[in-house]
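Residues per chain, in single letters:
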Amino acid sequence: MKELSFLLGVPNIGDLIPSLAWVNYLNGLNARLEKNFNEIDAFLDEVIEEHIEKKKMIDDNGGHENEEEDFVDVMLRIEKDCTLGFPFARDSTKAIILDMFAAGTDTSSVSVDWAMSELLREPEIMEDVQKEVRAIAQGKLVLKDCDIEEMHYLKAVIKETIRLHPPLPLLVPRESMEYINLKGYDIPAKTRVMINAYAIARDPMSWEEPEKFWPKRFLQGGSSASVDFKGCDFQFIPFGAGTRGCPGMTFAMSVVELALANLLNRFDWSLPNGMDARYLNMEEGAGITAYRKSELLVIAKPHYI
Ligand code: HEM
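Residues numbered from 1 in each chain as written. Predicted model: local features only at pLDDT ≥ 70, side-chain atom pairs only at ≥ 80, totals over all residues. Heavy atoms only, no water.

An unreviewed UniProt entry lists the chain under the name Cytochrome p450, with Thalictrum thalictroides as the source organism. Taken directly from UniProt, the Cofactor (unreviewed entry) text for the chain runs: "heme". (UniProt positions renumbered as here; feature names shortened; annotations may be inferred.)

Laid out in structure tokens, this is it:
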């Protein structure tokens, strides 16, 4: 997935100057694409085969109708029953599974990564958010969805994290459908449009102290208390906006909140070898998803012993 993210984001001369597309044979880009495609394709074949086998076994054993279906089962059923009214072949099933995987996994995991990085750099905020989480946890070792509801500071920490580190900093490339004149600029139809959500979320015209990790800005009384990521406040669009905005937003937030709350509840965190958090490398790597350039290495000390 990391290689796929890199390949999706890497500048590709053939996209800009089609007559120079041959350069991608020389610089190895096409070979990397081919290798990544083959690996992912083989993996998806395996996943699909497993599901077909499982379904066959259930059917052979007289299967119950309400046997729980997962996402792949549903896609295979749609493919088999042709209920969509248009042809839907195996390639489409694979593309949709890959889309969900690519869009849903590393975007959520990098959010947890960046939240931990920022919290390690801000011990007071770490302490405050752990206080909130532990007060609500009341000694529980595993937190569930229902425990998170009242964790307002935790939610503000996550919002502030994806403001400073939107997992897809340039969203997903789009194409304009018709000509438009925007603030005096002529933009022809079929122009590739990239939205720099990263820069927008650090614009001093919209944000007080935009470079500062300051979750309280999103809490009641804070300077951005009413700003949310749902696509109506254009200064904060980590999930995009409009009809093609992220369909996984609610699910993603639940996953990130749950993961972070459990990490903060169960462990006390520090950097190895007494490293000074001010020197933690906060650079992003290349690719469509903003990973940390260097891996975050931390020491986890169990809180409840
Ligand atoms: C913190 C986590 C996530 C972030 C920040 C995020 C962000 C985004 C963004 C910016 C887009 C493009 C929107 C646009 O261009 O306007 C997108 C698209 C998409 N996301 Fe997410 N996403 C996250 C998690 C997820 C999850 C968990 C899923 C699914 C389980 C998911 C599924 C999708 C899909 C399928 C699309 C493509 C939509 C389309 O254009 O058809 N995302 N996401």
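(A) How the structure looks around the overall build of the chain. Of regular secondary structure, the chain possesses eleven helices and six strands. Considered along the principal axes of its C-alpha atoms, the chain spans approximately 65 × 55 × 40 Å. Across the chain, contacts joining residues at least 24 apart in sequence account for 67% of those joining residues at least 6 apart. With an accessible surface of roughly 19,100 Å², the chain has 58% of that area assigned to carbon and sulfur atoms. If the 33 positive side-chain charges of the chain are averaged to one point and the 50 negative ones to another, these points end up 4 Å apart. (Helix = DSSP H or I, 4+ residues; strand = E, 2+ residues; numbered from the N terminus. Contact = heavy atoms within 4.5 Å. Areas by Shrake-Rupley, 256 points an atom, 1.4 Å probe, with all protein chains shown as cover. Lys, Arg positive; Asp, Glu negative; His and termini not counted. Charge placed at Lys NZ, Arg CZ, Asp CG, Glu CD.)

(B) Layout of the site of the ligand. In the vicinity of the ligand there are 23 residues, among which Arg174, Pro238, Phe239, Arg244 and Cys246 approach most closely. Within the side chain of Arg244, one N or O atom sits 2.8 Å away from an oxygen atom of the ligand. No other element matches the seven residues that helix H6 (residues 90-121) contributes to the shell around the ligand. For the shell around the ligand, the per-class residue count stands at 13 nonpolar, seven polar and three charged. (Near = heavy atom within 4 Å. Polar contact = N/O pair within 3.5 Å; in protein donor to acceptor, adjacent residues only side chain to side chain. Nonpolar A, V, L, I, M, F, W, Y, C, P; charged D, E, K, R; others polar.)

(C) Structural detail: the coordination of the iron atom of the ligand. Looking at the iron atom of the ligand, one finds just one donor atom contributed by the protein, Cys246 (SG), at 2.3 Å. Looking at where Cys246 falls in the secondary structure, it is placed in the loop between helix H10 (197-200) and helix H11 (249-266). (Donors = N, O, S within 2.8 Å, 3.2 Å for Na, K, Ca; no water.)

(D) A look at the environment of Trp269. Relative to the assigned elements, Trp269 resides in strand E5 (residues 267-270). Since its relative accessible area comes to 18%, Trp269 is described here as buried. When the C-alpha atoms of Trp269 and Met116 are compared, they prove to be 8.8 Å apart, with 153 residues separating the residues in sequence. Each residue touching Trp269, except ones within four places of it in the same chain, is listed here: Met116, Leu120, Met126, Gln130, Leu263, Leu264, Val298, Ile299 and Ala300. A polar side-chain atom of Trp269 sits 3.4 Å from the main-chain carbonyl oxygen of Phe267. (Buried < 20%, exposed > 50% of the residue type's maximum accessible area, 1.4 Å probe, protein only.)

(E) Summary view of the environment of Pro87. Note on placement: Pro87 falls in the loop between helix H5 (71-81) and H6. A relative accessible area of 80% places Pro87 in the exposed class.

(F) Summary view of helix H4 (residues 29-60). Its 32 residues place the ends of H4 46 Å apart at the C-alpha level, agreeing with the 46 Å of an ideal helix rising 1.5 Å per residue. Taken residue by residue, H4 has Leu29, Asn36, Ile40, Leu44, Val47, Ile48 and His51 as its buried positions. Positive phi appears at Gly62, one or two residues downstream of H4, with a value of about 85°. (Expected span 1.5 Å × (residues − 1).)

(G) Quick peek at the domain arrangement of the chain. Entries for the chain in the domain assignment read domain 1 (1-88) and domain 2 (107-302). Inter-centroid distance (C-alpha atoms) of domain 1 to domain 2 is 28 Å. Approximately 530 Å² of surface area, both sides summed, lies buried where domain 1 meets domain 2, with 59% of it carried by carbon and sulfur atoms. Together, Lys2, Ser5 and Phe6 form the three largest contributors to the area buried by domain 1 at its contact with domain 2, with a combined 65%. Summed over the shared surface of domain 1 and domain 2, the number is one salt bridge. Here Asp15 ties to Arg192 by a salt bridge, and the two come within 3.5 Å at their closest N and O atoms. Applying the counting rule to domain 1 against domain 2 returns three residue pairs in polar contact (both at pLDDT 80 or more). (Domains from an automatic or database assignment. Buried area = accessible area lost by both parts, 1.4 Å probe. Salt bridge = Lys/Arg side-chain N within 4 Å of Asp/Glu carboxyl O.)

(H) Structural detail: the side chain of Thr107. By the element assignment, Thr107 lies in helix H6. At a separation of 2.6 Å, a polar atom in the side chain of Thr107 contacts the main-chain carbonyl oxygen of Ala103. Other than its neighbours up to four places away in sequence, Thr107 contacts Pro167, Leu168 and Thr289.

(I) Layout of the packing of H4 against H5. Running from N to C, H4 and H5 point in directions that differ by 80°, and their axes come no closer than 10 Å. Comparing their axes, H5 and H4 come out roughly perpendicular. Two secondary-structure elements touch here, H4 through Val47, Ile48, His51, Ile52 and Lys54 and H5 through Val72, Asp73 and Leu76. Tallied by class, residues from the contact of H4 with H5 come to five nonpolar, one polar and two charged. (Axes fitted to C-alpha atoms, helices over the stretch in contact; angles between N-to-C directions. Parallel < 35°, antiparallel > 145°, perpendicular 65-115°, else oblique.)

(J) Representation of the packing of H6 against helix H7 (residues 123-137). Two numbers describe how H6 lies on H7: the axes approach to 5 Å, and their chain directions differ by 115°. On the basis of their axis angle, the class for H6 and H7 is roughly perpendicular. Where H6 abuts H7, its residues Leu119, Leu120 and Arg121 lie against Pro123, Ile125, Met126 and Val129. Class assignment of the residues belonging to the contact of H6 with H7 gives a composition of six nonpolar, no polar and one charged.

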